[in-house]
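# Structure at a glance
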Amino acid sequence: MSEREIMEYDVIIVGAGPAGLSCAIRLKQKKPDLMVAVIEKSSEIGAHILSGAVIEPEPLDELLPGWKDSPPPICIPVENDEIWLLSQQGRRRLPTPPQQKNHGNYIVSLGAMCAWLAEKAEALEVDIFPGYAASEIRFTEDGAVGGVIIGDMGVGRDGQPKDTYMQGIEIHAPVTILSEGVRGHLSKQLIRKFELDKESDPQTYGIGMKELWRVQPGKSKPGLVQHTAGWPLDSHTYGGSFIYHLDKDRIAIGFVCGLDYQDPEFVPFEAFQQMKHHPMVHELLEGGEILSSGARAIAEGGYQSLPNTEMPGALIIGDAAGTLNVPKIKGTHQAMRCGILAADHLAETGAAQGFNARLRDSEVVKELYKVRNIRPGFYKGFWRGFLRAAIETVTAGKLPTTLKVHADDTALKKLDGYTPPDRQWVDRDLVPRDRLASVYFAATEHDEDQPVHLQILEPDVCTTRCVTEYNNPCTRFCPAQVYEMVEENGSKALQINSANCVHCKTCDIKDPYQIINWVTPEGGSGPNYQNM
């Protein structure tokens, strides 16, 4: 095999989300002569971006003064907030806590907003490369990060080059910025290699599922933000839903549940569909049509789980580091702040060293610190968590205790002796009928003749211990039905439908044996979200 072609840049940014693009824009504003590249694995900018999303506009005001004169394609000022506690058939209005008061905020499509940000970056002569997956880290002789290696394209499932083979190039830079999003493929490796999490708690996650609907005329109330808690979740499973009313009779509806749930038979996708059949929600969606759907993991650990964000030659920012504010249900403003801060640091120092201290002294981490005990406060149930959240909110996080955060992969109970809760789930009639139908609305696409990007490190566990101990929970927690247990030669075998994958990373996180390793597939593969 020939030596790889090499490209040289001053800064490489992996991931064209809000953190990475904000960083690129700010760098070129501060240092126009810097050569900056953004590498993005999705087929086009925004195609892998999925979020609610209600955003706080202050980072945009700082980064792009006057942005409101030419705003992103979907940008609706918030008019009203509602929070509801649901039972199977009933509901109760709850007071809106300060963290979820959205006056002055905007409902956006984060995918469309990232495409809009990419145009701003390119106008500043940032080089953006969609459709190319950074599959490996390039290390220098002294062990520092020295750039990335783009994955080869045109490799068959058997690992051999096809007629379409194209060798990936190496991109070298003194500084590499990882803004890959939650559970980033490269970030995960670097956190492990440099032991960046040795002084932090484990990261904890949620799975967020979202659908974009066009409802019957008059049902959408643009600017209305609704959140729910309670049914269909049991009192020991953290989560809730959002319903954001857009223009043009569109509704963004989504459901989030913590991946530290205990029930091995629980199906997050089904919980989302059940929520849609609550009378309040069903009435809204009935007669409408689904336009798009998808799923992604959410980093919920906050302050306690924040790793060291610097290493020789590289930084980790935004969701890849875990800067989301869980009580606010917002991460975009934090990711953008993080990107701006990283750019300011590099513009002043030219090196990664010192960024972690700067981040921890910033508004990004101060905001996380104030709410650090709210998410782990729910470990002992909904009502105790609700009370703890109220206390932490009133005291602005000034209580002298910091609760521990636990890992999600250790939370599942084994089948033996476990009694699942009575979920009181109902018959469904709204689309999508099942997970495969949902994948259709994600427009996900992979060449099936490529190496499987979901690596099972110990396959025998799937057909032995996991069958008896947990009944193969991967067949249920995956929102895209990637994993199936099938009969093969008279015994059970794991079938991986990797073409279904929407890149949510849930399997990499929730697997109780930690033997599923998600790696990036060929560039351009995966979902093709529209206005998500």
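Structure: above.
To start, this report covers the structure provided alongside it. This is a predicted model, so every value here is computed, not measured. (Residues numbered from 1 in each chain as written. Predicted model: local features only at pLDDT ≥ 70, side-chain atom pairs only at ≥ 80, totals over all residues. Heavy atoms only, no water.)

When helices and strands are counted, the protein chain shows 15 helices and 26 strands. Expected size for 532 residues packed as a compact globule is a radius of gyration near 24 Å; at 22 Å, the protein chain falls within 12% of this value. Based on the C-alpha atoms only, the size of the protein chain along its principal axes is roughly 60 × 60 × 50 Å. Expressed as a percentage of its 532 residues, the buried residues of the protein chain come to 62%. In the protein chain, of all internal contacts separated by at least 6 residues, the share reaching a separation of at least 24 is 77%. For the protein chain, the exposed surface amounts to about 21800 Å²; the carbon and sulfur share of it is 49%. (Helix = DSSP H or I, 4+ residues; strand = E, 2+ residues; numbered from the N terminus. Rg over C-alpha atoms; globule rule 2.2 N^0.38 Å. Buried < 20%, exposed > 50% of the residue type's maximum accessible area, 1.4 Å probe, protein only. Contact = heavy atoms within 4.5 Å. Areas by Shrake-Rupley, 256 points an atom, 1.4 Å probe, with all protein chains shown as cover.)

Mapped onto the elements, Asn528 comes out in the segment after β26 (516-518). Among the polar contacts listed, one links the side chain of Asn528 to the backbone oxygen of Ala443, at a separation of 3.1 Å. In terms of polar contacts, Asn528 uses its side chain to reach the backbone carbonyl oxygen of Gly526, at 3.5 Å. Among residues more than four places away in sequence, those in contact with Asn528 are Ser43, Ala47, Ala442, Ala443, Thr444 and Glu445. (Polar contact = N/O pair within 3.5 Å; in protein donor to acceptor, adjacent residues only side chain to side chain.)

Tallying each qualifying case throughout the model produces zero disulfides. This cysteine, Cys257, is not joined by any disulfide, and Cys504 carries the nearest cysteine sulfur, 11 Å off. Just so you know, Cys478 is unpaired, no disulfide at all, and the nearest cysteine sulfur is the one on Cys504, 5.9 Å from it. (Disulfide = S-S within 2.5 Å.)

Here we take up the nonpolar core. Of all hydrophobic cores here, the largest spans 72 residues; its most connected members are Leu60, Met113 and Ile177. Residue contributions to this core peak at eight residues, all from helix α7 (residues 332-349). Ignoring any residue separated from it by four or fewer positions in sequence, one finds Leu60 in contact with Ile55, Pro65, Trp67, Met113, Trp116, Leu117 and Met336. Within the second largest apolar cluster, 70 residues are counted, among which are Ile107, Ile251, Val482 and Tyr529. (Core = buried A, V, L, I, M, F, W, Y, C linked by side-chain atoms within 4.5 Å.)

We now examine the layout of surface pockets. Roughly 640 Å³ of volume is contained in the second largest pocket. Forming the boundary of the second largest pocket are 33 residues, of which Arg183, Lys188, Asp197, Gln203 and Tyr205 lie nearest the centre. Among the elements of the structure, α4 (185-193), α15 (506-510) and β26 are those that each provide at least two residues to the lining of the second largest pocket. Ranked by residues supplied to the lining of the second largest pocket, first place goes to α4 with six residues. (1 Å grid on protein atoms, 1.4 Å probe; cavity = no way out; pocket = protein on both sides within 12 Å on 5 of 7 lines; lining within 4 Å. Points joined across faces, edges and corners; volume = space filled by probe spheres on them.)

So, about the pattern of salt bridges. Enumeration according to the criterion identifies 27 salt bridges in this entry. With its nearest N and O atoms 2.9 Å apart, the salt bridge here joins Asp344 to Lys30. Placement of Asp344 in helix α7 and of Lys30 in helix α1 (residues 18-30) is noted, with a sequence separation of 314 residues between them. Here Glu392 ties to Arg388 by a salt bridge, and the two come within 2.9 Å at their closest N and O atoms. Of this pair, Glu392 and Arg388 both sit in helix α10 (residues 382-394), four residues apart, roughly one helical turn. For the pair formed by Glu392 and Arg388, the shared burial category is buried. Through salt bridges with shared partners, one network takes in Arg26, Lys30, Glu62 and Asp344. (Salt bridge = Lys/Arg side-chain N within 4 Å of Asp/Glu carboxyl O.)

Residue Pro232 follows Trp231 across a cis peptide bond; omega there is 10 degrees. Looking at where Pro232 falls in the secondary structure, it is placed in the loop between β17 (224-230) and β18 (239-245). Here the residue pair Val431 and Pro432 is connected by a cis peptide bond, since its omega of -5 degrees sits within 30 degrees of zero. Looking at the element boundaries, Pro432 is found in the loop between α10 and α11 (435-442). One non-glycine residue with positive phi stands out, namely Lys248, at about 55 degrees. Within the secondary structure, Lys248 sits in the loop between β18 and β19 (250-258).

As for its position among the elements, Arg296 is in strand β20 (residues 289-299). Sequence separation between Arg296 and Val182 is 114 residues; the distance between their C-alpha atoms is 8.2 Å. Among all residues touching Arg296, those that are not within four sequence positions of it are Leu50, Ser51, Val182, Gly206, Ile207, Gly208, Asp319 and Cys504. Within the structure, Arg296 has its side chain in polar contact with the backbone oxygen of Leu50 (distance 3.2 Å).

Given the relative accessible area of 1%, Glu392 is considered buried. When residues no more than four places from it in sequence are discounted, the contact partners of Glu392 are Lys370, Asn373, Ile374, Gly397 and Leu399. A polar side-chain atom of Glu392 sits 3.2 Å from a polar atom in the side chain of Asn373.

Taken N-terminus to C-terminus, the directions of α1 and α7 make an angle of 35 degrees; their axes are 7 Å apart at the nearest point. In the crossing of α1 with α7, the sense of the turn from one axis to the other is right-handed. Of α7, the residues touching α1 (which contributes Pro18, Ala19, Ser22, Cys23, Arg26, Leu27 and Lys30) are Thr332, Ala335, Met336, Gly339, Ile340, Ala342, Ala343, Asp344, Leu346 and Ala347. Taken together, the residues of the contact of α1 with α7 sort by class into 11 nonpolar, three polar and three charged. (Axes fitted to C-alpha atoms, helices over the stretch in contact; angles between N-to-C directions. Left-handed = near helix turned anticlockwise from the far one by under 90°. Nonpolar A, V, L, I, M, F, W, Y, C, P; charged D, E, K, R; others polar.)

Of all the positions in helix α9 (residues 363-370), only Val364, Val365, Glu367 and Leu368 are classed as buried. Each buried residue of α9 sits inside an arc of 155 degrees when the element is viewed along its axis, so together they form one side. Buried residues along α9 sit in contact with α7 and α8 (355-360). (Arc of directions from axis to C-beta.)

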